[in-house]
Amino acid sequence: MKVSELEYRRVTAEEFSDAANAAAGRVKAAGSAADVLAAREGYLAALCDYTTASALSYMRYSINTADPFYLTEKNYYDEAGPIAQNASLSYAGALLDSPLRCELEKALSPVLFKSLEVQRKSMAPEIVPDMVEENKLVSEYSQLMAGMEFEFRGEKLPRPLLMKYAKSDDRDTRRECYAVLGGTLGAHAAELDRIYDSLVHVRDRMAKKMGYRNFVELGYYRMGRLCYDQAMVAQFRRNVKADVVPVVARLRTENARRLGVTDFHLYDNDVVIPGGDPAPCGKAGIFAAAREMYHAMGPETGAFIDMMLRNDAFDVDSRKNKWGGGYCTEFPKYRQPFILANFNGTAGDVDVVTHEAGHALNSYLISGNRFALELNCGGMETAETHSMSMEFFAWPYMARFFGENADKYRYMHALDAFSFIPYGTMVDDFQHRVYENPDLTPAGRDALWLELEAQYRPYLTMEGMPYLDRGTRWQYQMHIYETPFYYIDYCLAQTAAFRFLLASRANYGDAFARYMALSRQGGEQVWTDLLREAGFPSPFAPGALKGLAAEVEKMLRDIAV
């Protein structure tokens, strides 16, 4: 069935809560593990209905944030979501406190119970009103960004279409693009600062109501992290600073010289290839090439892409009032993934059918997994490993997308991907410091961003950029507003993806088999165990990235065009 034809029915918070509370009652009264497992089936059926309805309503809202019906539905779930989470908490508590727990852990999974423990630490009934307020603020930000128009050379463009000019080979065009970006954001500075300041304080208030020192600890629990903590992430950040930042700075500075740039500005950061980064073959060509690629990879991936195309499970056209980012979601009742993106004619369009399709493939592979609803694919670092690795497994097929410029794409892609690790780590560092110091003023946050830019991206400057030179680049990084502490998951996953890339260059078949085995696991294993199974080391040990950085630098020099 086509995604546009999927039936939507509002599943109310009361409907779900009644089912979850009934399941919790049955668990508490259970005389055997079999009784608990029967109660769990009732809970999962209700969770499936509620999750599907919420995801469908958000998807249809995001493709047109001005649609009055789905805006109303989105607003409903903003308020209903915390109530439903509270009901889930009641069910989780019944399982965790059951006298049959040891028997249940054997029948189900210790990882599931560890996840439920983290869930219980992530919310409490007393913060439900604050969660509703947080959801409303996030929606206000997303609507602000989706409705923002950027006037560039006589056209009014949504931000994704404006940013295609950031990849122009003409430096004056790039500078003008960023001047328009900064000027337009600056016109909304008061709103952007107010929304973020409110988000920081409501999140801090929630944490303190639950007995945490600040939002950082609560934020980690909300991300559902099972195999690493703040101290391990801090060590990862040190590893990035010590061993990745110098390599990226060296490579980007050398590449800037190839571009004829000696004063590397933010507006130079989107271009890698002299003469202009390669552009792909257009929307129809991209989807035709993607179908050929996934069929060439194997029968499972071929069946997957056929299903996605048959069901029109993509919305990739950029337009006003459409949510400005990209994502993959799924509708569990229908076992249907869906991808939203904003094509703009750049190489980033190809990433949609590699990165987002990596998420969608995993959803397709685990849709029948017995823990798919409760554990999904695992943590977000696992989810991003699926997607970022697929970007690299697509490398042998890039001629289908870029023709004779395939080698240029590979070099650009790898340099951009490796450069992302310091940037994403900087976002994480920024968020830790903001939530550890929630009373920072807007000017203080901007100054902090500039301080971190100098540490993580010392090769570039924002001098002379309207508004952005104040340190406001972070304001259009949607994750900072919408999903705090998510961004480091991309960086962790990128290190795993590079290990898959290096392995695939030595033996593609073996590396792809290891990747598919990892992707099929669902959430039944934590990320560090999945890495171990794939034959890769943890990135959290001191010095863990030194060898990887050296290998990636050598590879980039080998494939430079």
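Residues numbered from 1 in each chain as written. Predicted model: local features only at pLDDT ≥ 70, side-chain atom pairs only at ≥ 80, totals over all residues. Heavy atoms only, no water.

**Some details on the packing of aromatic side chains**
Summed over the entire model, instances satisfying the criterion amount to 51 aromatic pairs. By the ring-pair criterion, three or more aromatic residues cluster together here, those being Y141, Y196, F420, Y423, F430, W449, W474, Y481, Y486, Y487 and Y490. Here the basic side chain of K74 rests over the ring of Y61, its NZ or CZ set 5.4 Å away from the ring centre. In this arrangement the basic side chain of R225 is found over the ring face of Y220, its NZ or CZ atom lying 4.8 Å from the centre. (Phe/Tyr/Trp six-rings, centres within 6.5 Å; stacked < 30°, edge-to-face > 60°. Lys NZ or Arg CZ within 6 Å of the ring centre and 35° of its normal.)

**Focus on the environment of D489**
Its location among the elements puts D489 in helix α21 (residues 487-506). For D489, a relative accessible area of 1% gives the class buried. As for D489 and G379, which are separated by 110 residues in sequence, their C-alpha atoms are 8.5 Å apart. Once you skip the residues sitting within four places of it in the chain, D489 turns out to touch M223, R225, Y228, M380, E381 and E384. Looking at D489, its side chain comes within polar contact range of the side chain of R225, at 2.6 Å. (Helix = DSSP H or I, 4+ residues; strand = E, 2+ residues; numbered from the N terminus. Buried < 20%, exposed > 50% of the residue type's maximum accessible area, 1.4 Å probe, protein only. Contact = heavy atoms within 4.5 Å. Polar contact = N/O pair within 3.5 Å; in protein donor to acceptor, adjacent residues only side chain to side chain.)

**A closer look at empty space enclosed by the protein**
This structure, assessed with the given rule, holds two cavities of 30 Å³ or more. Empty space within the largest cavity amounts to approximately 70 Å³. The wall of the largest cavity is formed by 13 residues, among which M145, P158, R159, P160 and G324 lie closest to the centre. Elements supplying a minimum of two residues to the lining of the largest cavity: α6 (128-147) and α7 (159-162). Taken together, the residues of the lining of the largest cavity sort by class into six nonpolar, four polar and three charged. Quantified by volume, the second largest cavity comes out at close to 40 Å³. Residue lining of the second largest cavity: T495, A496, R499, L531, F536, P537, S538, P539 and L545, and that is the complete set. With three residues, α21 is the largest single contributor of residues to the lining of the second largest cavity. (1 Å grid on protein atoms, 1.4 Å probe; cavity = no way out; pocket = protein on both sides within 12 Å on 5 of 7 lines; lining within 4 Å. Points joined across faces, edges and corners; volume = space filled by probe spheres on them. Nonpolar A, V, L, I, M, F, W, Y, C, P; charged D, E, K, R; others polar.)

**Description of helix α9 (residues 189-209)**
Its 21 residues give α9 an end-to-end C-alpha distance of 30 Å, which sits within 8% of 30 Å, the value for a rise of 1.5 Å per residue. Considering only its buried residues, α9 is in contact with α6, α8 (171-187), α10 (215-222), α18 (406-436), α19 (442-456) and α20 (478-482). Note on α9: the residue one or two positions beyond its end, G211, has a positive phi of about 90 degrees. (Expected span 1.5 Å × (residues − 1).)

**Structural notes on the packing of helix α14 (residues 348-366) against helix α16 (residues 380-393)**
Where α14 contacts α16, the two axes come as close as 7 Å, and the packing angle between them is 140 degrees. For the element pair α14 / α16, the angle class is oblique. Every pair of crossing elements has a handedness; the one defined by α14 and α16 is right-handed. On the side of α14, the interface is formed by D351, T354, H355, G358, H359, L361 and N362, while α16 contributes A383, E384, H386, S387, M388, M390 and E391. Of the residues contributing to the contact of α14 with α16, the split by class is four nonpolar, seven polar and three charged. (Axes fitted to C-alpha atoms, helices over the stretch in contact; angles between N-to-C directions. Parallel < 35°, antiparallel > 145°, perpendicular 65-115°, else oblique. Left-handed = near helix turned anticlockwise from the far one by under 90°.)

**As for the nonpolar core**
Note on soluble globular proteins: their nonpolar side chains tend to be buried together. Grouped together as the largest cluster of nonpolar side chains are 212 residues, with contacts concentrated most on Y178 and F401. Ranked by residue count, the leading element in this core is α18, at 16 residues. Setting aside chain neighbours within four positions, we find F401 in contact with P280, C281, I286, A289, A290, M293, V350 and V353. (Core = buried A, V, L, I, M, F, W, Y, C linked by side-chain atoms within 4.5 Å.)

**Digging into the pattern of salt bridges**
Counting across every chain of the model gives 44 salt bridges. Notably, a salt bridge pairs E41 with R40, separated by 3.7 Å at the nearest N-O pair. Across the salt bridge formed by E117 and R101, the nearest N and O atoms sit 2.5 Å from each other. With a gap of 16 residues between them, E117 in helix α5 (residues 110-122) and R101 in helix α4 (residues 101-107) connect regions that are remote in the sequence. (Salt bridge = Lys/Arg side-chain N within 4 Å of Asp/Glu carboxyl O.)

**What to know about the layout of surface pockets**
Any space left empty among the atoms is revealed by the rolling of a water-sized probe across them. Each pocket or cavity is described by its volume, and for the second largest pocket that value is around 230 Å³. Around the second largest pocket, the lining is made up of 13 residues, and of these V118, Y221, R225, Y228 and D229 lie nearest the centre. Elements that contribute at least two residues to the lining of the second largest pocket include exactly α5 and α10. Here the element with the most residues in the lining of the second largest pocket is α5; it accounts for four residues.

**Structural notes on the environment of Y58**
By secondary structure assignment, the location of Y58 is in helix α2 (residues 33-62). Overall, the relative accessible area of 27% leaves Y58 in the partly exposed class. Between the C-alpha atom of Y58 and that of D277, which follows or precedes it by 219 residues, the distance is 34 Å.

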